[in-house]
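Structural overview
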Amino acid sequence: MILKRTLAALLSVLLILGAFAGCGPQGDITSGAAAQDYPVTINEVTIKDEPEGVAVLSPNLAEVILAIGYEMQLRAKSAECTQTDLSVLPDFTLNDAQALRDAGADLVLTETAPTEEQKKALNDAGVDVLAIAPATGREDFTRLYTQVGAAIKGGNKGYERGERIAEGIFSMMDDINRQIPQTDTPVSVCYLLDAAGGVVTGDTLAGKLIEYAGLVNAASDGAGNQMSVDTLLMVQPQYIFCPTGLKDTLAQTEKYKALTAVQEGRVYEMDPSLMRWQGNGMVTAVSFMAGTVYPALAQGTTSLEPGDGTSSAPMGGDPNMGVGDVSSTPPQSTTGALNPGDESEEVKKMQNRLAELGYLFVQPTGLYGEGTQQSVMDFQYVNGLKATGIATQETLDLLYSDSAKVRPEGNLIYSADE
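Counting of residues starts from 1 at the beginning of each chain's written sequence and follows it residue by residue. Confidence filtering applies because this is a predicted model: local features only for residues at pLDDT of at least 70, side-chain atom pairs given and counted only at 80 or more, and all residues used for totals across whole chains, interfaces and linings. For the side-chain quantities, the full set of heavy atoms in the structure was used; hydrogens and water were omitted.

By definition, any uninterrupted DSSP run of H or I lasting at least four residues is a helix, any uninterrupted run of E lasting at least two residues is a strand, and each is numbered from the N terminus. Inspection of the secondary structure assignment puts Asp174 in helix 6 (residues 157-178). In this analysis, two residues are considered to be in contact whenever any of their non-hydrogen atoms come within 4.5 Å of each other. Excluding its chain neighbours within four sequence positions, the residues that come into contact with Asp174 are Arg138 and Tyr212.

Here we come to the sheet that holds strand 9 (residues 239-243). Here the rule is simple: two strands pair whenever DSSP picks up at least two bridges between them. A sheet is described by the order of its strands in space; here four strands give the open sequence 8-7-9-10, paired in parallel fashion. Each having just a single partner strand, strand 8 (216-217) and strand 10 (267-270) make up the two edges of the open sheet.

Looking now at helix 12 (residues 281-293). An ideal rise of 1.5 Å per residue puts 18 Å on 13 residues; helix 12 measures up with 19 Å between its terminal C-alpha atoms. Burial within helix 12 is extensive, with 13 of its 13 residues counted as buried. To estimate the expected span of a helix, subtract one from its residue number and multiply by 1.5 Å. Only protein chains enter the area calculation, which uses a 1.4 Å probe; residues under 20% of their type maximum are buried, those over 50% are exposed, and those in between are partly exposed.

Before going further, it helps to spend a moment on the state of the cysteines. Only a pair of cysteine sulfur atoms within 2.5 Å counts as a disulfide in this structure description. In total, this model carries zero disulfides according to the counting rule given. Note on Cys190: no disulfide assigned, nearest cysteine sulfur contributed by Cys242 at a separation of 9.0 Å.

A word on the nonpolar core. By nonpolar core is meant a set of buried Ala, Val, Leu, Ile, Met, Phe, Trp, Tyr and Cys residues that side-chain atoms within 4.5 Å join together. In this structure, Leu109, Tyr145, Val148, Phe241 and Met275 are the most contacted members of the largest nonpolar core, which totals 70 residues. With residues near it in sequence (within four places) discarded, Phe241 still touches Val189, Cys190, Tyr191, Leu192, Tyr268, Met270, Phe288, Met289, Thr292 and Val293.

Here the focus is the pairing of strand 7 (residues 188-191). Side-chain alternation along strand 7 places Ser188 and Cys190 on one buried face and Val189 and Tyr191 on a second face that is also buried. Whether a crossover is right-handed comes down to one check: with the strands pointing away from the viewer, does the path from the first strand over the helix to the second run clockwise; if it does, it is right-handed. Assessed by its sense of winding, the connection that carries the chain from strand 7 through helix 7 (residues 205-212) to strand 8 is right-handed. Relative to strand 9, strand 7 runs parallel, the two sharing three bridges. If you follow Tyr191 over to strand 9, its bridge partner there is Phe241.

So, to be careful, I would describe these as geometric facts and stop short of saying anything about function.
So, in C-alpha coordinates, the structure goes:
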(Lines give C-alpha, C1' and ligand atoms only; values in the text may rest on other atoms or scores of the structure.)
Protein backbone atom coordinates (compact mmCIF):
# COMPACT_ATOMS: atom_id res chain seq x y z
CA MET A 1 0.00 0.00 0.00
CA ILE A 2 2.79 2.43 0.94
CA LEU A 3 4.65 1.59 -2.29
CA LYS A 4 1.52 2.25 -4.37
CA ARG A 5 1.00 5.62 -2.69
CA THR A 6 4.64 6.54 -3.27
CA LEU A 7 4.42 5.64 -6.96
CA ALA A 8 1.19 7.58 -7.29
CA ALA A 9 2.79 10.63 -5.70
CA LEU A 10 5.79 10.42 -8.02
CA LEU A 11 3.49 10.12 -11.02
CA SER A 12 1.59 13.21 -9.90
CA VAL A 13 4.83 15.17 -9.57
CA LEU A 14 5.93 14.12 -13.06
CA LEU A 15 2.58 15.14 -14.50
CA ILE A 16 2.78 18.53 -12.79
CA LEU A 17 6.35 19.08 -14.05
CA GLY A 18 5.26 18.09 -17.52
CA ALA A 19 2.39 20.55 -17.36
CA PHE A 20 4.72 23.36 -16.29
CA ALA A 21 7.21 22.42 -19.03
CA GLY A 22 4.42 22.74 -21.57
CA CYS A 23 3.61 26.27 -20.44
CA GLY A 24 6.74 27.81 -21.97
CA PRO A 25 7.19 28.65 -25.65
CA GLN A 26 7.82 25.62 -27.84
CA GLY A 27 11.42 25.25 -28.89
CA ASP A 28 12.55 28.26 -26.85
CA ILE A 29 16.31 28.71 -27.42
CA THR A 30 16.98 31.44 -24.85
CA SER A 31 19.04 29.04 -22.72
CA GLY A 32 20.61 26.91 -25.46
CA ALA A 33 19.84 24.59 -28.34
CA ALA A 34 16.36 23.08 -28.37
CA ALA A 35 15.75 19.33 -28.29
CA GLN A 36 14.08 19.51 -31.72
CA ASP A 37 14.31 21.80 -34.73
CA TYR A 38 10.69 22.91 -35.04
CA PRO A 39 8.62 24.54 -33.76
CA VAL A 40 11.19 27.06 -32.52
CA THR A 41 10.53 30.30 -30.64
CA ILE A 42 12.83 33.28 -31.17
CA ASN A 43 12.12 36.71 -29.71
CA GLU A 44 8.54 35.63 -28.94
CA VAL A 45 7.95 34.60 -32.56
CA THR A 46 7.21 30.89 -33.06
CA ILE A 47 8.21 29.37 -36.39
CA LYS A 48 6.28 26.12 -36.81
CA ASP A 49 8.16 24.51 -39.69
CA GLU A 50 11.39 24.92 -41.65
CA PRO A 51 10.91 27.90 -43.98
CA GLU A 52 10.39 27.18 -47.66
CA GLY A 53 12.34 30.36 -48.41
CA VAL A 54 13.75 33.33 -46.54
CA ALA A 55 13.83 37.05 -47.28
CA VAL A 56 16.56 39.08 -45.58
CA LEU A 57 15.90 42.80 -45.23
CA SER A 58 19.10 43.74 -43.40
CA PRO A 59 22.62 43.77 -44.86
CA ASN A 60 24.04 42.77 -41.48
CA LEU A 61 21.75 39.74 -41.23
CA ALA A 62 22.58 38.91 -44.84
CA GLU A 63 26.26 38.86 -43.89
CA VAL A 64 25.49 36.50 -41.00
CA ILE A 65 23.56 34.18 -43.33
CA LEU A 66 26.50 34.12 -45.74
CA ALA A 67 28.92 33.36 -42.91
CA ILE A 68 26.76 30.49 -41.67
CA GLY A 69 26.37 29.18 -45.22
CA TYR A 70 22.58 29.35 -45.47
CA GLU A 71 22.35 31.64 -48.49
CA MET A 72 20.75 28.89 -50.59
CA GLN A 73 17.57 29.39 -48.55
CA LEU A 74 17.27 33.05 -49.59
CA ARG A 75 14.56 34.09 -52.02
CA ALA A 76 14.57 37.87 -51.61
CA LYS A 77 16.47 40.75 -50.02
CA SER A 78 16.31 44.49 -49.45
CA ALA A 79 18.10 46.98 -51.70
CA GLU A 80 20.59 47.66 -48.87
CA CYS A 81 21.90 44.08 -49.11
CA THR A 82 24.66 44.75 -51.64
CA GLN A 83 26.65 41.53 -51.17
CA THR A 84 27.80 40.18 -54.53
CA ASP A 85 26.47 36.67 -53.97
CA LEU A 86 22.98 38.05 -53.38
CA SER A 87 22.84 40.29 -56.45
CA VAL A 88 20.46 37.96 -58.32
CA LEU A 89 17.79 38.19 -55.62
CA PRO A 90 14.84 40.59 -56.07
CA ASP A 91 14.52 43.60 -53.75
CA PHE A 92 11.55 44.06 -51.43
CA THR A 93 10.53 45.91 -48.26
CA LEU A 94 8.33 45.06 -45.29
CA ASN A 95 5.44 46.65 -47.19
CA ASP A 96 5.58 44.03 -49.97
CA ALA A 97 3.84 41.19 -48.13
CA GLN A 98 2.20 39.34 -51.03
CA ALA A 99 5.13 39.97 -53.37
CA LEU A 100 7.48 38.40 -50.82
CA ARG A 101 5.25 35.33 -50.59
CA ASP A 102 5.02 35.13 -54.37
CA ALA A 103 8.83 35.18 -54.51
CA GLY A 104 8.87 32.02 -52.39
CA ALA A 105 9.61 33.51 -48.97
CA ASP A 106 7.58 32.48 -45.94
CA LEU A 107 10.00 33.97 -43.41
CA VAL A 108 11.34 37.53 -43.29
CA LEU A 109 14.41 38.40 -41.22
CA THR A 110 14.86 42.07 -40.40
CA GLU A 111 16.53 44.34 -37.87
CA THR A 112 13.66 46.82 -37.94
CA ALA A 113 10.62 45.57 -36.06
CA PRO A 114 7.54 45.68 -38.31
CA THR A 115 4.57 47.85 -37.51
CA GLU A 116 1.39 46.07 -36.47
CA GLU A 117 -0.05 46.79 -39.90
CA GLN A 118 3.00 45.33 -41.67
CA LYS A 119 3.02 42.28 -39.40
CA LYS A 120 -0.67 41.59 -40.03
CA ALA A 121 -0.26 41.93 -43.81
CA LEU A 122 2.72 39.57 -43.77
CA ASN A 123 0.98 37.02 -41.55
CA ASP A 124 -2.16 37.19 -43.71
CA ALA A 125 0.04 36.40 -46.72
CA GLY A 126 1.49 33.38 -44.89
CA VAL A 127 4.82 35.01 -44.02
CA ASP A 128 6.41 35.00 -40.57
CA VAL A 129 8.47 38.08 -39.71
CA LEU A 130 11.29 38.00 -37.16
CA ALA A 131 13.31 40.99 -35.96
CA ILE A 132 16.87 40.14 -34.85
CA ALA A 133 19.10 42.83 -33.36
CA PRO A 134 22.81 43.16 -34.24
CA ALA A 135 25.38 41.97 -31.72
CA THR A 136 26.95 44.30 -29.17
CA GLY A 137 29.78 42.07 -27.96
CA ARG A 138 31.34 38.62 -28.12
CA GLU A 139 28.72 36.78 -26.10
CA ASP A 140 25.92 38.62 -27.88
CA PHE A 141 27.57 37.69 -31.19
CA THR A 142 26.78 34.05 -30.43
CA ARG A 143 23.17 35.07 -29.68
CA LEU A 144 22.93 36.73 -33.10
CA TYR A 145 24.29 33.70 -34.97
CA THR A 146 22.23 31.13 -33.07
CA GLN A 147 19.03 33.10 -33.62
CA VAL A 148 19.64 33.38 -37.36
CA GLY A 149 20.68 29.75 -37.65
CA ALA A 150 17.72 28.52 -35.61
CA ALA A 151 15.24 30.56 -37.63
CA ILE A 152 16.42 29.10 -40.93
CA LYS A 153 17.31 25.51 -40.01
CA GLY A 154 15.81 24.88 -36.60
CA GLY A 155 16.37 25.17 -32.87
CA ASN A 156 18.81 22.26 -32.81
CA LYS A 157 20.61 21.93 -36.15
CA GLY A 158 20.54 25.62 -37.06
CA TYR A 159 21.30 26.77 -33.52
CA GLU A 160 24.34 24.54 -33.18
CA ARG A 161 25.69 25.53 -36.59
CA GLY A 162 25.28 29.22 -35.82
CA GLU A 163 27.04 28.71 -32.49
CA ARG A 164 29.93 26.87 -34.15
CA ILE A 165 30.40 29.52 -36.84
CA ALA A 166 30.29 32.36 -34.29
CA GLU A 167 32.92 30.63 -32.17
CA GLY A 168 35.04 30.01 -35.26
CA ILE A 169 35.06 33.66 -36.30
CA PHE A 170 36.18 34.80 -32.87
CA SER A 171 38.71 31.96 -32.73
CA MET A 172 40.35 33.39 -35.85
CA MET A 173 40.49 36.82 -34.25
CA ASP A 174 41.96 35.23 -31.12
CA ASP A 175 44.70 33.73 -33.31
CA ILE A 176 45.53 37.17 -34.70
CA ASN A 177 45.50 38.73 -31.26
CA ARG A 178 47.92 36.13 -29.91
CA GLN A 179 50.48 37.21 -32.49
CA ILE A 180 50.49 40.80 -31.21
CA PRO A 181 53.47 41.40 -28.89
CA GLN A 182 52.99 42.56 -25.33
CA THR A 183 54.39 46.07 -25.05
CA ASP A 184 54.71 48.83 -22.47
CA THR A 185 53.92 51.40 -25.16
CA PRO A 186 50.46 50.54 -26.53
CA VAL A 187 49.42 51.98 -29.88
CA SER A 188 46.29 54.14 -29.92
CA VAL A 189 44.05 54.24 -32.97
CA CYS A 190 40.53 55.25 -33.86
CA TYR A 191 38.08 54.38 -36.60
CA LEU A 192 36.37 57.54 -37.85
CA LEU A 193 32.95 57.05 -39.38
CA ASP A 194 32.73 60.56 -40.78
CA ALA A 195 34.06 64.09 -40.29
CA ALA A 196 31.19 65.14 -38.04
CA GLY A 197 31.87 63.39 -34.75
CA GLY A 198 31.16 59.84 -35.85
CA VAL A 199 33.72 57.40 -34.44
CA VAL A 200 33.63 53.75 -33.39
CA THR A 201 33.28 53.79 -29.60
CA GLY A 202 34.10 51.21 -26.98
CA ASP A 203 30.49 50.21 -26.31
CA THR A 204 30.11 48.60 -29.77
CA LEU A 205 31.22 45.31 -31.28
CA ALA A 206 33.22 47.26 -33.89
CA GLY A 207 35.09 48.90 -31.01
CA LYS A 208 36.03 45.45 -29.74
CA LEU A 209 37.62 44.66 -33.13
CA ILE A 210 40.21 47.36 -32.50
CA GLU A 211 41.15 45.61 -29.27
CA TYR A 212 41.43 42.26 -31.06
CA ALA A 213 43.95 43.90 -33.38
CA GLY A 214 46.10 44.52 -30.29
CA LEU A 215 45.43 48.26 -30.32
CA VAL A 216 43.98 50.81 -27.93
CA ASN A 217 40.78 52.46 -29.08
CA ALA A 218 41.24 56.20 -28.56
CA ALA A 219 37.45 56.52 -28.49
CA SER A 220 36.89 53.72 -25.98
CA ASP A 221 35.30 56.13 -23.48
CA GLY A 222 32.81 57.42 -26.03
CA ALA A 223 29.29 56.06 -26.45
CA GLY A 224 26.88 55.58 -29.30
CA ASN A 225 29.61 55.99 -31.92
CA GLN A 226 30.00 59.69 -31.13
CA MET A 227 32.99 61.65 -29.82
CA SER A 228 33.87 65.28 -30.44
CA VAL A 229 36.96 66.09 -32.46
CA ASP A 230 38.13 68.27 -29.56
CA THR A 231 38.39 65.14 -27.43
CA LEU A 232 40.26 63.34 -30.19
CA LEU A 233 42.66 66.26 -30.47
CA MET A 234 43.49 65.81 -26.80
CA VAL A 235 43.95 62.04 -27.18
CA GLN A 236 45.79 62.27 -30.54
CA PRO A 237 45.47 58.69 -31.86
CA GLN A 238 48.63 57.48 -33.57
CA TYR A 239 46.72 55.85 -36.42
CA ILE A 240 43.35 56.59 -37.99
CA PHE A 241 41.23 54.09 -39.91
CA CYS A 242 38.18 55.20 -41.84
CA PRO A 243 35.77 54.20 -44.65
CA THR A 244 36.96 54.40 -48.22
CA GLY A 245 36.71 57.96 -49.53
CA LEU A 246 36.93 59.76 -46.17
CA LYS A 247 40.68 60.39 -46.12
CA ASP A 248 40.60 63.46 -48.35
CA THR A 249 37.65 64.89 -46.44
CA LEU A 250 39.54 64.64 -43.16
CA ALA A 251 42.50 66.46 -44.66
CA GLN A 252 40.24 69.34 -45.70
CA THR A 253 38.05 69.61 -42.58
CA GLU A 254 38.82 72.07 -39.79
CA LYS A 255 40.08 70.46 -36.58
CA TYR A 256 40.25 66.97 -38.15
CA LYS A 257 43.16 68.12 -40.30
CA ALA A 258 44.89 69.15 -37.06
CA LEU A 259 45.07 65.52 -35.92
CA THR A 260 48.70 64.39 -35.98
CA ALA A 261 47.83 61.14 -37.75
CA VAL A 262 46.21 63.13 -40.57
CA GLN A 263 49.16 65.49 -40.86
CA GLU A 264 51.71 62.67 -40.88
CA GLY A 265 49.87 60.44 -43.34
CA ARG A 266 48.81 57.69 -40.97
CA VAL A 267 45.24 57.47 -42.25
CA TYR A 268 44.13 54.14 -43.70
CA GLU A 269 40.92 53.57 -45.63
CA MET A 270 38.89 50.38 -45.36
CA ASP A 271 35.77 48.99 -46.97
CA PRO A 272 33.13 50.32 -44.53
CA SER A 273 31.27 47.01 -44.50
CA LEU A 274 34.20 45.38 -42.67
CA MET A 275 33.43 47.36 -39.53
CA ARG A 276 29.68 47.67 -40.07
CA TRP A 277 28.59 44.11 -40.89
CA GLN A 278 29.07 41.27 -38.43
CA GLY A 279 30.30 38.47 -40.65
CA ASN A 280 33.62 37.08 -41.85
CA GLY A 281 34.66 40.61 -42.79
CA MET A 282 35.36 41.27 -39.12
CA VAL A 283 38.38 38.96 -39.36
CA THR A 284 39.61 40.91 -42.38
CA ALA A 285 39.17 44.18 -40.46
CA VAL A 286 41.20 42.90 -37.51
CA SER A 287 43.89 41.52 -39.84
CA PHE A 288 44.13 44.78 -41.76
CA MET A 289 44.41 46.98 -38.68
CA ALA A 290 46.95 44.67 -37.03
CA GLY A 291 48.97 44.29 -40.23
CA THR A 292 48.97 48.05 -40.81
CA VAL A 293 50.29 48.96 -37.37
CA TYR A 294 52.57 45.90 -37.14
CA PRO A 295 53.91 45.39 -40.69
CA ALA A 296 55.93 42.36 -39.61
CA LEU A 297 52.68 40.44 -39.15
CA ALA A 298 51.85 40.89 -42.82
CA GLN A 299 55.40 39.99 -43.83
CA GLY A 300 55.43 36.79 -41.81
CA THR A 301 58.47 37.78 -39.72
CA THR A 302 58.89 37.67 -35.96
CA SER A 303 60.05 41.19 -35.17
CA LEU A 304 56.83 42.92 -34.23
CA GLU A 305 57.29 46.63 -33.69
CA PRO A 306 54.78 49.35 -34.55
CA GLY A 307 55.30 50.70 -38.06
CA ASP A 308 55.70 54.31 -39.07
CA GLY A 309 52.94 54.23 -41.65
CA THR A 310 55.33 53.72 -44.55
CA SER A 311 56.17 50.02 -44.58
CA SER A 312 52.67 48.63 -44.12
CA ALA A 313 49.67 49.01 -46.39
CA PRO A 314 49.76 52.52 -47.89
CA MET A 315 46.98 55.03 -47.42
CA GLY A 316 44.01 53.72 -49.32
CA GLY A 317 45.76 50.34 -49.61
CA ASP A 318 44.23 46.89 -49.80
CA PRO A 319 41.94 46.33 -46.80
CA ASN A 320 41.91 42.61 -47.63
CA MET A 321 45.54 42.26 -46.62
CA GLY A 322 45.57 39.91 -43.64
CA VAL A 323 48.07 38.51 -41.20
CA GLY A 324 50.35 36.15 -43.07
CA ASP A 325 48.88 37.00 -46.49
CA VAL A 326 52.13 38.36 -47.95
CA SER A 327 54.86 35.83 -48.65
CA SER A 328 58.52 36.75 -48.18
CA THR A 329 59.47 34.63 -51.21
CA PRO A 330 58.54 35.39 -54.84
CA PRO A 331 55.60 33.44 -56.32
CA GLN A 332 56.67 30.32 -58.18
CA SER A 333 53.87 30.43 -60.73
CA THR A 334 52.45 33.10 -63.00
CA THR A 335 48.91 32.75 -61.62
CA GLY A 336 49.19 35.55 -59.08
CA ALA A 337 47.06 36.04 -55.97
CA LEU A 338 43.29 36.38 -56.35
CA ASN A 339 41.12 38.59 -54.16
CA PRO A 340 37.40 38.86 -53.37
CA GLY A 341 35.79 41.04 -56.02
CA ASP A 342 38.06 39.79 -58.83
CA GLU A 343 36.42 38.50 -62.00
CA SER A 344 38.47 36.51 -64.48
CA GLU A 345 39.14 33.12 -66.07
CA GLU A 346 41.72 32.50 -63.36
CA VAL A 347 38.98 32.87 -60.75
CA LYS A 348 36.78 30.42 -62.66
CA LYS A 349 39.69 27.99 -62.89
CA MET A 350 40.12 28.24 -59.12
CA GLN A 351 36.38 27.75 -58.57
CA ASN A 352 36.37 24.61 -60.70
CA ARG A 353 39.30 23.20 -58.74
CA LEU A 354 37.57 24.01 -55.44
CA ALA A 355 34.43 22.26 -56.72
CA GLU A 356 36.51 19.26 -57.79
CA LEU A 357 37.87 18.95 -54.25
CA GLY A 358 34.41 19.35 -52.70
CA TYR A 359 34.67 22.89 -51.32
CA LEU A 360 32.60 25.04 -53.69
CA PHE A 361 28.82 25.23 -53.26
CA VAL A 362 28.05 28.03 -55.72
CA GLN A 363 28.04 28.03 -59.50
CA PRO A 364 31.52 28.73 -60.97
CA THR A 365 31.08 32.03 -62.81
CA GLY A 366 34.51 33.64 -62.68
CA LEU A 367 33.35 36.18 -60.08
CA TYR A 368 35.09 35.99 -56.69
CA GLY A 369 32.06 36.58 -54.46
CA GLU A 370 31.23 35.73 -50.86
CA GLY A 371 30.46 32.08 -51.63
CA THR A 372 33.84 31.62 -53.29
CA GLN A 373 35.55 33.43 -50.42
CA GLN A 374 33.87 31.02 -47.98
CA SER A 375 35.08 28.05 -50.05
CA VAL A 376 38.65 29.37 -50.05
CA MET A 377 38.44 29.74 -46.26
CA ASP A 378 37.28 26.12 -45.99
CA PHE A 379 40.14 24.93 -48.15
CA GLN A 380 42.68 26.93 -46.18
CA TYR A 381 41.31 25.68 -42.88
CA VAL A 382 41.44 21.99 -43.88
CA ASN A 383 44.90 22.34 -45.45
CA GLY A 384 46.55 24.07 -42.51
CA LEU A 385 46.74 27.58 -43.95
CA LYS A 386 45.61 30.84 -42.36
CA ALA A 387 41.88 30.93 -43.18
CA THR A 388 41.56 34.43 -44.62
CA GLY A 389 39.39 33.74 -47.67
CA ILE A 390 42.01 35.41 -49.88
CA ALA A 391 43.61 33.18 -52.51
CA THR A 392 47.26 33.98 -51.85
CA GLN A 393 49.97 32.47 -54.01
CA GLU A 394 50.65 29.91 -51.28
CA THR A 395 46.98 28.93 -51.30
CA LEU A 396 46.86 28.59 -55.09
CA ASP A 397 50.09 26.58 -55.24
CA LEU A 398 48.69 24.08 -52.74
CA LEU A 399 45.24 24.10 -54.36
CA TYR A 400 46.60 22.96 -57.72
CA SER A 401 49.06 20.46 -56.22
CA ASP A 402 48.63 16.75 -55.57
CA SER A 403 48.93 17.52 -51.85
CA ALA A 404 45.61 19.37 -51.74
CA LYS A 405 43.24 17.68 -49.32
CA VAL A 406 39.72 16.77 -50.39
CA ARG A 407 37.01 18.28 -48.22
CA PRO A 408 36.23 15.85 -45.38
CA GLU A 409 32.74 14.60 -44.66
CA GLY A 410 30.68 16.61 -42.17
CA ASN A 411 30.47 20.31 -41.51
CA LEU A 412 33.61 22.38 -41.15
CA ILE A 413 33.92 25.43 -38.95
CA TYR A 414 33.87 27.56 -42.09
CA SER A 415 31.96 25.46 -44.59
CA ALA A 416 28.86 26.10 -46.64
CA ASP A 417 25.82 24.00 -45.84
CA GLU A 418 24.96 21.29 -48.30
